[in-house]
Amino acid sequence: MNDYSTLRYESANGVCRIILDRPPLNLIDETLTRDYHDALRRADADSSCRAIVLSGSGKGLSGGLDIKFVESFDQAEMEQFLRLFYVGTIAICRKLSKPLITMVQGYAREGACTLAFSGDMIIAADDADFGYPAVPNLAGPPGMHVWFLQRLIGRMKAAELIYTGEPITAVEAAAMGLITKVVPHDSLEKETLKLAEKIASMSPLAIQRTRQLLLAMEDMDFTEVPDVALKALSEAFSSEDSKEARLAFREKRRPKWSNK
């Protein structure tokens, strides 16, 4: 039985799947946002879940913000919703103990890109494209994308995408370093789950510590890096999972993780 009205939640082989399901475009409103937040927390609390995959039903991930939902909002109401969606979503994603992979087919627009870029990796079909039409469609800036895009592809290219609102193909996005990988449409689900299950087979403790280090180092001054890096690796080296990994490597067998 599904517990949500705007998405589906599934779990198998160590992978929890969150599938946006608000036809026809999976547009983002308050209900979808709250459902997504709850599903993320649910997956993170599930000890059998070791990787999370976000995707959309139908022809795309999401068409972005539901304009009809916010049409009558005043400034305060709009800010309240955007704080829930932008700030709340990113805060939850950055605290996850498990990696979040987004699978994109067809299209991802505005808020859908927020969902994707809040995670760790993006696997896209070769027919997918990404766009930020806030300037032409809303006569306003695309919120958190101003931050994301500059860090991922630099200010000059970010300005082009934001000012024009023109979508870019998955192939172009991959060439810029905006997404992780492009695969044929017909093998998108297979390749995404293959990657998720591979990560799910790793030490949960190692993945959690590595993810924390990636996020911590994102804005760290280099003078802080050596001590933080040495501490992270030396602490991991003394863990039971690290000892098991080294022993399993020598014995040529699959390791048995204790998450300690």
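Now for a look at the structure at hand. On a predicted model such as this, the values are computed, not experimentally measured, just so you know.

The six strands lie next to each other as S1-S2-S3-S4-S6-S9, forming an open sheet whose pairing is mixed. Both edges of this open sheet fall to strand S1 (7-12) and strand S9 (181-183), since each of them pairs with a single strand only. Taking each pair of neighbouring strands and ignoring which way they run, the sheet shows an average axis angle of 20°. Sheet topology places S1 next to strand S2 (residues 15-20); six bridges connect them, and they run antiparallel. Its bridge partner lying in S2, Arg8 is registered against Ile19. On top of the sheet, helix H9 (residues 188-200) reaches S2, strand S3 (51-56), strand S4 (100-104), strand S6 (121-125) and S9; it is set at about 175° to S4, its chief contact.

The tally for this structure, following the rule as stated, stands at 17 salt bridges. Glu240 is paired through a salt bridge with Lys243; the nearest N and O atoms lie 3.7 Å apart. Of this pair, Glu240 and Lys243 both sit in helix H12 (residues 240-251), three residues apart, roughly one helical turn. When its relative accessible area of 42% is taken as the criterion, Glu240 is described as partly exposed. It is possible to trace a salt-bridge network through shared partners that takes in Arg8, Glu10 and Asp21.

Turning to unusual backbone geometry, a few remarks are in order. Here Pro23 and Pro24 are connected by a cis peptide whose omega angle stands at 5°. Although it is not a glycine, Asn13 adopts a positive phi angle of roughly 55°. Tracing the backbone shows Asn13 in the loop between S1 and S2. Located in the positive-phi region is Asn26, a residue other than glycine, with phi close to 55°. If you trace the backbone, Asn26 turns up in the loop between S2 and helix H1 (30-45).

With that out of the way, let us pick up the packing of helix H10 (residues 204-217) against helix H11 (residues 225-237). Interhelical geometry of H10 versus H11 gives an angle of 175° and a closest axis separation of 11 Å. For the element pair H10 / H11, the angle class is roughly antiparallel. Of the residues in H11, those touching H10 at Arg209, Leu213 and Met217 are Val225, Val228, Ala229, Ala232, Glu235 and Ala236. The class makeup of the residues in the contact of H10 with H11 is seven nonpolar, no polar and two charged.

Membership of the largest hydrophobic core comes to 50 residues, with the highest contact counts inside it found for Ile18, Tyr36, Phe130 and Leu178. The biggest single contributor to this core is helix H3 (residues 75-95), with seven residues. Residues in contact with Phe130, not counting those within four places in the same chain, are Val104, Ala108, Arg109, Cys113, Ile122, Ala124, Pro167, Ile168, Ala170, Ala173 and Ile179. Membership of the second largest hydrophobic core comes to 14 residues, among which are Met103, Ala125, Leu188 and Ile199.

Within this model, the largest pocket holds a volume of roughly 650 Å³. Lining the largest pocket we find 27 residues, and of these Phe117, Gly119, Asp120, Leu215 and Glu218 sit closest to its centre. Those elements giving two or more residues to the lining of the largest pocket turn out to be H3, helix H4 (111-117), S6, helix H6 (145-153) and H10. The element best represented in the lining of the largest pocket is H10, accounting for five residues. Classifying every residue of the lining of the largest pocket by side-chain character gives 17 nonpolar, five polar and five charged. If you count residues domain by domain, the lining of the largest pocket takes at least three from each of domain 1 (5-198) and domain 2 (202-249). At the level of elements, H3 and helix H5 (134-138) are the ones that each hand at least two residues to the lining of the second largest pocket. In terms of residue count, the dominant contributor to the lining of the second largest pocket is H3 (five residues).

What counts as what
- Residues numbered from 1 in each chain as written.
- Predicted model: local features only at pLDDT ≥ 70, side-chain atom pairs only at ≥ 80, totals over all residues.
- Heavy atoms only, no water.
- Pairing = 2+ DSSP bridges.
- Helix = DSSP H or I, 4+ residues; strand = E, 2+ residues; numbered from the N terminus.
- Axes fitted to C-alpha atoms, helices over the stretch in contact; angles between N-to-C directions.
- Contact = heavy atoms within 4.5 Å.
- Salt bridge = Lys/Arg side-chain N within 4 Å of Asp/Glu carboxyl O.
- Buried < 20%, exposed > 50% of the residue type's maximum accessible area, 1.4 Å probe, protein only.
- Parallel < 35°, antiparallel > 145°, perpendicular 65-115°, else oblique.
- Nonpolar A, V, L, I, M, F, W, Y, C, P; charged D, E, K, R; others polar.
- Core = buried A, V, L, I, M, F, W, Y, C linked by side-chain atoms within 4.5 Å.
- 1 Å grid on protein atoms, 1.4 Å probe; cavity = no way out; pocket = protein on both sides within 12 Å on 5 of 7 lines; lining within 4 Å.
- Points joined across faces, edges and corners; volume = space filled by probe spheres on them.
- Domains from an automatic or database assignment.

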